[in-house]
Amino acid sequence: MTATIIDGKAFAATVRDKVAGHVARLTTDHGITPGLAVVLVGEDPASQVYVRSKGKMTREVGMKSVEHKLPATVDQDDLLKLIDALNNDPEIHGILVQLPLPDHLDEARVVNAVSPAKDVDGFHISNVGLLGTGQKSMVPCTPLGCLMMLRDHHGDLSGMNAVVVGRSNIVGKPMAQLLLGDSCTVTIAHSRTRDLPEVVRRADIVVAAVGRPEMVPGDWIKEGATVIDVGINRIETGEKTKLVGDVDFDSASQRAGAITPVPGGVGPMTIACLLANTVTACCRANGLEEPEGLTA
């Protein structure tokens, strides 16, 4: 069989369109414009490109975009003062501190300084706990995007056997919690899982998020399974480089029922879900009904 390609780029465009519609209604009906503040420390080229892309898409959907660019040598107290000011700014509904941070900064302390209600990355320990106990929270963007695509492709996920390969706090663990919330039977696998190929072969849904290029070959995939490839790895091919996922796309697409490509799969959904989270945070802050279909 040849797998159906789950087009994350196209799906992300539909999510952004929904966000734009909600933003327009918030502005017209309530006089509120959702605001997103992004804090960038240092001059990492990849982070700069990502922040510019976030700002551009934020403005395109009609939201307020604020960027704070700080030198790599910034003192931690000064960074925390900026976050505190943003926490108390009523025109800012979402705050994102671009990671990674320079080594002299305490990343956990910085992340947890963001108000949980404005934590559109979903990394604050309060949101982690709320998600883990099945309560309303801000949900990490990448896992949320994966869940949206799975729901769109399958409809009801109840009873499906899901394997998440990877146990990071950013993707693996929250992904497992979201799948549990949709009544999947969930296994978190990782590099030390015994007989990892056999564990993966039992899965109706495979979410690969290990950060190892093409680690999951096609013969690990159950016939007809849905594969969500979160990995983005740059590898050398002769004198050139190319982006590949954590799954060997060519072989896996011959066995899977559906699969996300790299690039063009999960990646575009991350920023789309950041925008969705900002609208959700804005609605919650103002006691308004949350937008349907834009959160878990």
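In the annotation of an unreviewed UniProt entry, the protein is listed under the name Bifunctional protein FolD and assigned to Sulfitobacter profundi. Taken from UniProt, the Sequence similarities (unreviewed entry) comment for the protein reads in full: "Belongs to the tetrahydrofolate dehydrogenase/cyclohydrolase family." The UniProt entry for the protein carries the following comment under Function (unreviewed entry): "Catalyzes the oxidation of 5,10-methylenetetrahydrofolate to 5,10-methenyltetrahydrofolate and then the hydrolysis of 5,10-methenyltetrahydrofolate to 10-formyltetrahydrofolate."

> So what exactly am I meant to see when it comes to the sheet that holds strand β4 (residues 94-97) here?
The strands making up a sheet are joined through hydrogen bonds of the backbone, oriented either antiparallel or parallel. Reading across the sheet, the 3 strands line up as β3-β2-β4 and stay open at both edges, with parallel pairing between neighbours. Taken across any chain shown, the strands that pair with only one partner, and hence form the sheet edges, are β3 (64-70) and β4. Direction aside, the axes of adjacent strands within the sheet are offset by 15 degrees on average. Sheet topology note: the strand β2 (residues 35-41)/β3 ladder contains 7 bridges and is parallel. Its bridge partner being in β3, Gly35 is matched across the sheet by Lys64.

> How do you make sense of the UniProt feature "domain: Tetrahydrofolate dehydrogenase/cyclohydrolase catalytic" (unreviewed entry) in the protein when you look at a structure like this?
Here the UniProt-annotated "domain: Tetrahydrofolate dehydrogenase/cyclohydrolase catalytic" (unreviewed entry) positions come out as residues 6-121. Strand forms 16% of residues 6-121 and helix 50%; the C-alpha atoms that close the span are 24 Å apart.

> Help me understand the UniProt feature "domain: Tetrahydrofolate dehydrogenase/cyclohydrolase NAD(P)-binding" (unreviewed entry) in the protein, please; the structure alone is not making it clear to me.
The sites that carry the UniProt feature "domain: Tetrahydrofolate dehydrogenase/cyclohydrolase NAD(P)-binding" (unreviewed entry) are, in the present numbering, residues 140-284. Along residues 140-284 the backbone is 36% helical and 21% strand, and the end-to-end C-alpha distance reaches 17 Å.

> I keep staring at the packing of helix α2 (residues 45-60) against helix α10 (residues 267-285) and nothing clicks. Help me out?
Geometry of a packed helix pair, given as the angle between the helix axes and the separation of the axes. Two numbers describe how α2 lies on α10: the axes approach to 10 Å, and their chain directions differ by 50 degrees. One finds that α2 runs oblique with respect to α10. Crossing of α2 against α10: the hand is right-handed. Where α2 approaches α10, its residues Tyr50, Ser53, Lys54, Met57 and Thr58 are matched on the opposing element by Thr270, Ile271, Leu274 and Leu275.

> Hey, could you run me through the side chain of Lys54 in this one?
In this fold, Lys54 is placed in helix α2. Asp121 provides the closest opposite charge to the buried, unpaired Lys54, separated from it by 5.8 Å. Setting aside residues up to four positions removed in sequence, Lys54 forms contacts with Leu96, Gln98, Ile271 and Leu274.

> Just to check I follow, could you spell out the pattern of salt bridges for this structure?
Pairing is possible between side chains of opposite charge, provided their charged atoms come close. Enumeration according to the criterion identifies 8 salt bridges in this entry. A salt bridge links Asp204 to Lys222; the shortest N-O distance between them is 2.7 Å. Residue Asp204 is found in the loop between α8 (196-201) and β7 (205-208), and its partner Lys222 is found in the loop between β7 and β8 (226-229); the two are separated by 18 residues along the sequence. Its salt-bridge partner being Arg284, residue Glu290 comes within 2.8 Å of it at the nearest N-O pair. Owing to a relative accessible area of 23%, Glu290 belongs among the partly exposed residues under this scheme. Through salt bridges with shared partners, one network takes in Lys136, Arg284 and Glu290.

> Explain the environment of Gly231 here, please?
Structurally, Gly231 can be placed in the loop between β8 and β9 (233-237). Along the sequence, Gly231 and Ala208 sit 23 residues apart, while their C-alpha atoms lie 6.8 Å from each other. Not counting residues within four places of it along the chain, the set of residues in contact with Gly231 comprises Ala208, Val244, Gly245, Asp246 and Val262.

Procedures and definitions
- Residues numbered from 1 in each chain as written.
- Predicted model: local features only at pLDDT ≥ 70, side-chain atom pairs only at ≥ 80, totals over all residues.
- Heavy atoms only, no water.
- UniProt positions renumbered as here; feature names shortened; annotations may be inferred.
- Pairing = 2+ DSSP bridges.
- Helix = DSSP H or I, 4+ residues; strand = E, 2+ residues; numbered from the N terminus.
- Axes fitted to C-alpha atoms, helices over the stretch in contact; angles between N-to-C directions.
- Parallel < 35°, antiparallel > 145°, perpendicular 65-115°, else oblique.
- Left-handed = near helix turned anticlockwise from the far one by under 90°.
- Contact = heavy atoms within 4.5 Å.
- Buried < 20%, exposed > 50% of the residue type's maximum accessible area, 1.4 Å probe, protein only.
- Lys, Arg positive; Asp, Glu negative; His and termini not counted.
- Salt bridge = Lys/Arg side-chain N within 4 Å of Asp/Glu carboxyl O.

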